[in-house]
Amino acid sequence: MTAEAEKPNIITSSLDFIVNWGRTNSLWPFPYGTACCAIEFMSTEVGRYDLSRIGSEYVRFTPRQSDVLLVSGTITYKQAPILKRIYEQMAEPRWVIAMGACACSGGFYDCYCTVPGIDNIIPVDVYMGGCPSRPEAFFDAMFDLQNKIKDESYMKQRAERVKDQLEMIKAKTAEAKACAKEFAHEKVVDIKDFVAEKEHEVLKKAQFWKE
Amino acid sequence: MKTVEDIFSALEERFGAKREMLDKWGMTVIVSANYLHNAAQFLKCESDIKFEMLVDIAGIDYLTYPNHEGPRFAVSYSFKSMSNAGARFRLKVLVSEDNLSVPTISDLYANANWYEREVWDQFGIKFAGHPDLRRLLNHVEFVGHPLRKDYPAQKRQWLSTNDYLLPELEQRLEVLGYKVIKRSKEVETNDNEFLEGSIKA
């Protein structure tokens, strides 16, 4: 037994698979509840339906610690900047679920004060119908989101990120070089002026002494 | 003056009020804007059935109302009696488009403050003498008055930043005896928060 445990335990896998496995099975939601859909979310979360079966047991009430933004309810124009700010505060990777008719399209509020769908403000990954959506629909949306995350490639995203960073570094370097050149040019011009002035002075002095 | 009928006759005598025939409960009186404050004071303090509670203030736009003659707007005040159970009364002021102004009754009824702000927000009727006439429901950058019949119902207006409520808060603190010496940088509005396609106020 001890000998077996001492043997190296190694599993070979791709990094994509491992990362996606971790992400799909611990989606922590941030409930942005403004209307009746939030009540349905509560019933999804607790005992009877039990969202923790798919690893989303922690409802995080801070955007810093959550992965999924659940927009459940009507979003008015007064509410829109707050929603955008909350979305920007979330750390990458982040996903958004639009729950219910109001969040998807404005619902039956076809009026001056309601945002016609939150996709006008932030990108949405999964849309969910219903007024309000049933917990089963919510589970379906979570499964859809999990499938979507499984399709993502961590390595490709990382490569893109590195490429972006490289380009940014190159651009910054070029900018800095141009800046330095200009600065040097200015310096040279200054020195030339200075030398010319000095020469002029020296000439003046020489003339004075001659006289 | 034990019944609502007596109040009607008293209002007719004192303030030249007219009875509104369209009201099917027969409890509405039309007064001119000049006598509104006096009529409200009469209903609150002097009449035998005292109407201590202001239930609602509603704006009315008669633009598309069938067979309507007269001024375009109206403001309707609903009162309820607490001492005499079940007694209700309604005052109505007709407001023409040329002079969109009604005296405030927020000194008599404290809750009239927010009702009048709402009517101003949705209909654009000004309340003369109101202590703090700002928008209540719509955001600060909103242009126009959405419950008017000529406002396009599906016209949407984006808000570029959230309402900045700090000055009002500081004002209230100063009333309570505090003084704000320095405002921290984090609470100042930020240009990056402005949404695309919005009007910068």
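Fair warning: this is a prediction, and the values are worked out from it, not measured in the lab. (Residues numbered from 1 in each chain as written. Chains lettered and ligands numbered in written order. Predicted model: local features only at pLDDT ≥ 70, side-chain atom pairs only at ≥ 80, totals over all residues.)

Once that is clear, we can look at the overall build of chain A. Per the secondary structure count, chain A includes seven helices and four strands. Moving toward the C terminus, one meets the helices and strands of chain A in the order α-α-β-α-β-α-β-α-β-α-α. Expressed as lengths along the three principal axes of its C-alpha atoms, the size of chain A is roughly 110 × 70 × 25 Å. Considering only intrachain contacts with a sequence separation of at least 6, the fraction spanning at least 24 residues in chain A is 80%. (Helix = DSSP H or I, 4+ residues; strand = E, 2+ residues; numbered from the N terminus. Contact = placed C-beta atoms within 7 Å.)

Broken down by element type, chain B carries four helices and seven strands. The order of helices and strands in chain B, counted from the N terminus, is α-β-β-α-β-β-β-β-α-β-α. Looking at chain B as a whole, 22% of its 201 residues qualify as buried. Residue pairs in contact within chain B that sit at least 24 positions apart in sequence constitute 55% of those at least 6 positions apart. (Buried ≥ 20, exposed ≤ 12 C-beta atoms within 10 Å, placed from the backbone.)

This part covers the pairing of strand S2 (residues 28-31) of chain B. All names here are of chain B. Here S2 shows two buried faces, one formed by Thr28 and Ile30 and the other by Val29 and Val31. Here strand S1 (residues 18-19) runs beside S2; their pairing, made up of two bridges, is antiparallel. In the sheet register, lysine 18 faces S2, and the bridge partner there is isoleucine 30. The sheet contact formed by S2 and strand S5 (residues 88-95) spans four bridges and is parallel. What sits directly across from valine 29, in S5, is leucine 91. (Pairing = 2+ DSSP bridges.)

With that settled, the discussion passes to the domain arrangement of chain A. Here the domain parsing of chain A yields domain 1 (12-152) and domain 2 (155-211). Placing a centre on the C-alpha atoms of domain 1 of chain A and another on those of domain 2 of chain A gives a separation of 53 Å. (Domains from an automatic or database assignment.)

This paragraph deals with the sheet that holds S5(B). All names here are of chain B. Pairing is mixed across the open sheet formed by five strands, whose spatial order is S1-S2-S5-S4-S3. Of all strands in the sheet, those with a lone pairing partner are S1 and strand S3 (53-61), marking the two edges. Running over the sheet, helix H2 (residues 36-46) touches S2, strand S4 (73-80) and S5 and is turned about 175° from S5. Contacting S3 and S4, helix H3 (residues 112-123) crosses the sheet at an angle of about 10° to S3. (Axes fitted to C-alpha atoms, helices over the stretch in contact; angles between N-to-C directions.)

Listed per partner, the contact involves 11 residues of chain A and 15 residues of chain B. Within the side of chain A that touches chain B, the residues separate by chemical class into seven nonpolar, no polar and four charged. (Nonpolar A, V, L, I, M, F, W, Y, C, P; charged D, E, K, R; others polar.)

Our focus in this paragraph is the sheet that holds strand S3 (residues 95-99) of chain A. Two orientations exist for strands paired in a sheet by backbone hydrogen bonds: parallel and antiparallel. Residues and elements named next belong to chain A. The strand order across the open sheet built from four strands is S1-S2-S3-S4, with neighbouring strands paired in parallel fashion. The open sheet has two edge strands, strand S1 (29-33) and strand S4 (126-128), and neither has a second partner. When strand polarity is set aside, the average angle formed by the axes of neighbouring strands in this sheet is 15°. In this sheet, S3 lies alongside strand S2 (residues 68-72) in parallel orientation, the contact comprising five bridges. Bridge pairing in S3 places valine 68 opposite tryptophan 95. On top of the sheet, helix H3 (residues 37-45) reaches S1, S2 and S3; it is set at about 145° to S1, its chief contact.

The next thing to look at is helix H6 (residues 135-151) of chain A. Each α-helix winds once per 3.6 residues, and so residues spaced three or four apart point in a common direction. Residues and elements named next belong to chain A. Compared with an ideal rise of 1.5 Å per residue, which puts 17 residues at 24 Å, H6 spans 25 Å between its outermost C-alpha atoms and is within 8% of the ideal. Every buried residue of H6 is accounted for by Phe138, Ala141, Met142, Leu145 and Ile149. End-on, the buried residues of H6 take up no more than an arc of 100°, which puts them together on one face. Residues Glu136, Asn147 and Asp151 are exposed on H6 and point more than 90 degrees away from its buried face. Contacts made by the buried residues of H6 are with helix H2 (15-24), H3, S3 and S4. (Expected span 1.5 Å × (residues − 1). Arc of directions from axis to C-beta.)

In this section: the pairing of S3(A). Residue and element names in this part refer to chain A. Most of S3 sits inside the fold, with five of its five residues counted as buried. Of the two faces of S3, the one holding Trp95, Ile97 and Met99 and the one holding Val96 and Ala98 are both buried throughout. Note that the unit made of S2, helix H4 (residues 80-89) and S3 has a crossover that is right-handed. Pairing geometry for S3 and S4, over three bridges, is parallel. (Right-handed = clockwise from strand over helix to strand, strands pointing away.)

Residue and element names in this part refer to chain A. Buried within H4 are the following residues: Ala80, Pro81 and Leu83. Buried positions in H4, seen along its axis, are confined to an arc of 160° and lie on one side of it. Where H4 is buried, its residues contact S1 and S2.

Residue and element names in this part refer to chain A. On the secondary structure map, arginine 85 appears in helix H4. A count of 14 C-beta atoms within 10 Å places arginine 85 in the partly exposed class. Taking the C-alpha atoms as reference, arginine 85 lies 9.9 Å from isoleucine 122; in sequence the two are 37 residues apart.

Take the confidence of the model for chain B next. When the pLDDT values of chain B are averaged, the result is 84; 90% of them are 70 or greater. In the model output, the complex is listed with pTM 0.75 alongside ipTM 0.74. (pLDDT = per-residue confidence, 0-100.)

Let us now look at the nonpolar core. A:Leu70, A:Val71, A:Ile97, A:Ala98 and A:Met99 are the most contacted members of the largest nonpolar core, which totals 33 residues. Grouped together as the second largest cluster of nonpolar side chains are 32 residues, B:Ala39, B:Ala74, B:Phe79 and B:Leu91 included. (Core = buried A, V, L, I, M, F, W, Y, C linked by C-beta atoms within 7 Å.)

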